[in-house]
Amino acid sequence: MADSLVTPVSDSIEQAVATLKQGLVLAYPTEAVYGLGCDPDKQAAVEQILAIKRRPVEKGLILLASELEQLLPYIDYAALSAEQQQLLVSVQARPTTWLVPVSTKTPKWISGQFSSVAVRLTQHPVVAKLCAGLGKPIVSTSANYSGEAPAETAQQAAKLQGLGLALDGALGAAKQTSQIKDIFTGQVIRA
């Protein structure tokens, strides 16, 4: 049954975008591991990811985007200095997720208990195509049950209960998941 959820990236970006638009959960390759994603504005889809991972909503989630404009509705961009705005769009040696002030329009099911939201501009071509097709960022969290090792293949990810589709594609070259840093202080939240 899990194998029937796996489809190759080469001919399924449109199917994956349709999965996101339908409010279903997608497993997809990222820079280092497989991720679980959905449309951040569909509360039921976000709740499905949290249920799959057995993760509390209070912890918040990461948003991945292919371009800055996709993030603007979810962040308080005006609260960032010109230097911080440049950091947000800069390409780092290691994938870097930034904690930035949340927009008043960002739902609590994304930001959790925080006044910030974790965001990253992706360099992964599959994720960039998904965001471009959806026209907005996608939720991103590692494809695994909380406390377990993240999936490194579509087949591993497809074993998680509650997925709509698993895209079978190559991971990026990163050796570990993104670091998370506070955009104001530079403090590393997750190494």
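Conventions and cut-offs
- Residues numbered from 1 in each chain as written.
- Predicted model: local features only at pLDDT ≥ 70, side-chain atom pairs only at ≥ 80, totals over all residues.
- Heavy atoms only, no water.
- Axes fitted to C-alpha atoms, helices over the stretch in contact; angles between N-to-C directions.
- Helix = DSSP H or I, 4+ residues; strand = E, 2+ residues; numbered from the N terminus.
- Parallel < 35°, antiparallel > 145°, perpendicular 65-115°, else oblique.
- Left-handed = near helix turned anticlockwise from the far one by under 90°.
- Contact = heavy atoms within 4.5 Å.
- Nonpolar A, V, L, I, M, F, W, Y, C, P; charged D, E, K, R; others polar.
- Buried < 20%, exposed > 50% of the residue type's maximum accessible area, 1.4 Å probe, protein only.
- Arc of directions from axis to C-beta.
- Phe/Tyr/Trp six-rings, centres within 6.5 Å; stacked < 30°, edge-to-face > 60°.
- Lys NZ or Arg CZ within 6 Å of the ring centre and 35° of its normal.
- Core = buried A, V, L, I, M, F, W, Y, C linked by side-chain atoms within 4.5 Å.
- Polar contact = N/O pair within 3.5 Å; in protein donor to acceptor, adjacent residues only side chain to side chain.
- Salt bridge = Lys/Arg side-chain N within 4 Å of Asp/Glu carboxyl O.

Student: Please explain the packing of helix H1 (residues 13-21) against helix H6 (residues 125-134) as it appears in this structure.
Tutor: Pairs of packed helices are described in terms of their axes, by the angle between the two and the distance that separates them. Between H1 and H6, the least distance of the axes is 9 Å, while the angle of their chain directions is 55°. When the interaxial angle is binned, H1 and H6 end up oblique. Where H1 crosses over H6, the two elements pack in a sense that is right-handed. In this structure, H1 contributes Ile13, Ala16, Val17, Leu20 and Lys21 to the contact, and H6 contributes Val126, Lys129, Leu130, Gly133 and Leu134. Taken together, the residues of the contact of H1 with H6 break down into seven nonpolar, one polar and two charged.

Student: It is not clear to me how helix H2 (residues 43-53) should be interpreted in this structure. Could you clarify?
Tutor: Within H2, the full set of buried residues consists of Ala45, Val46, Ile49, Leu50, Ile52 and Lys53. The buried residues of H2 occupy an angular sector of 160° when the element is viewed end-on, so they sit on one face. Exposed residues on H2 whose side chains face more than 90 degrees from its buried face are Ala44 and Ala51. In this fold, the buried residues of H2 make contact with strand S3 (34-37), helix H5 (108-111) and strand S7 (138-142). One or two steps after H2, the chain reaches Arg54, where phi turns positive at roughly 60°.

Student: Quick question: what am I supposed to make of the packing of aromatic side chains here?
Tutor: The way to describe two aromatic rings as a pair is by their centre distance and the angle between their planes. A full pass over the atoms with the stated rule returns zero aromatic pairs. The side chain of Arg54 reaches across the aromatic face of Tyr145, ending 4.0 Å from its centre.

Student: Explanation requested: the nonpolar core in the structure shown.
Tutor: One recurring pattern in soluble globular proteins is that nonpolar side chains are buried together. Counting residues in each nonpolar core, the largest one holds 39 residues, and the members touching the most others are Leu36 and Leu88. Only S3, H2, strand S4 (62-65), helix H3 (68-71), strand S5 (96-101), strand S6 (116-121) and helix H7 (154-157) provide two or more residues apiece to this core. A per-element tally of this core places H2 first, with five residues. Residues contacting Leu88, with those up to four places away along its chain left out, are Leu68, Ile75, Tyr77, Leu80, Trp98, Val100, Val119, Leu121 and Ile183. Judged by nonpolar contacts, the second largest core, of 20 residues, contains Ile13, Leu20, Tyr28 and Ile138.

Student: What should I look at first to understand the side chain of Asn144 in this one?
Tutor: Position of Asn144 relative to the elements: it lies in the loop between S7 and H7. Looking at Asn144, the relative accessible area reads 6%, which means it is buried. Within the structure, Asn144 has its side chain in polar contact with the side chain of Lys53 (distance 2.9 Å). Within polar-contact distance, the side chain of Asn144 engages the side chain of Ser142 at 2.5 Å. Beyond its immediate stretch of four places on either side in the chain, Asn144 contacts Lys53, Ala149, Pro150 and Leu160.

Student: Where do I start with unusual backbone geometry in this structure?
Tutor: Peptide bonds are mostly trans, and most non-glycine residues show a negative phi. If you check the backbone angles, Arg54 has positive phi at about 60° while not being a glycine. Structurally, Arg54 is set in the loop between H2 and S4. According to the relative accessible area criterion, Arg54 is exposed, its value standing at 58%.

Student: I tried to follow the side chain of Ser12 on my own but got confused; where do I start?
Tutor: Within the element layout of this structure, Ser12 appears in the loop between strand S1 (6-8) and H1. Once you skip the residues sitting within four places of it in the chain, Ser12 turns out to touch Thr7 and Leu167.

Student: I would appreciate a short explanation of the environment of Cys38 in the present structure.
Tutor: With respect to the helices, strands and loops of the structure, Cys38 is situated in the loop between S3 and H2. The class for Cys38 is buried, based on a relative accessible area of 0%. Separated by 40 residues in sequence, Cys38 and Ala78 have C-alpha atoms that sit 26 Å apart. With near-sequence residues (within four places) excluded, Cys38 lies in contact with Leu20, Leu24, Ala45, Val46, Ile49, Ile138 and Val139.

Student: Even after reading the chapter, I still don't get the pattern of salt bridges, so can you show me in this structure?
Tutor: For side chains of opposite charge, pairing can occur when their charged atoms come near one another. Counting across every chain of the model gives three salt bridges. With a closest N to O distance of 3.0 Å, Arg120 and Glu31 form a salt bridge. Placement of the pair is Arg120 in strand S6 and Glu31 in the loop between strand S2 (26-29) and S3, with a sequence separation of 89 residues. Here Asp39 and Lys136 are joined by a salt bridge, their closest N and O atoms 3.1 Å apart. Linking Asp39 in the loop between S3 and H2 with Lys136 in the loop between H6 and S7, this pair joins segments that are 97 residues apart in sequence.

Interpretation in functional terms is not warranted from these geometric data alone.
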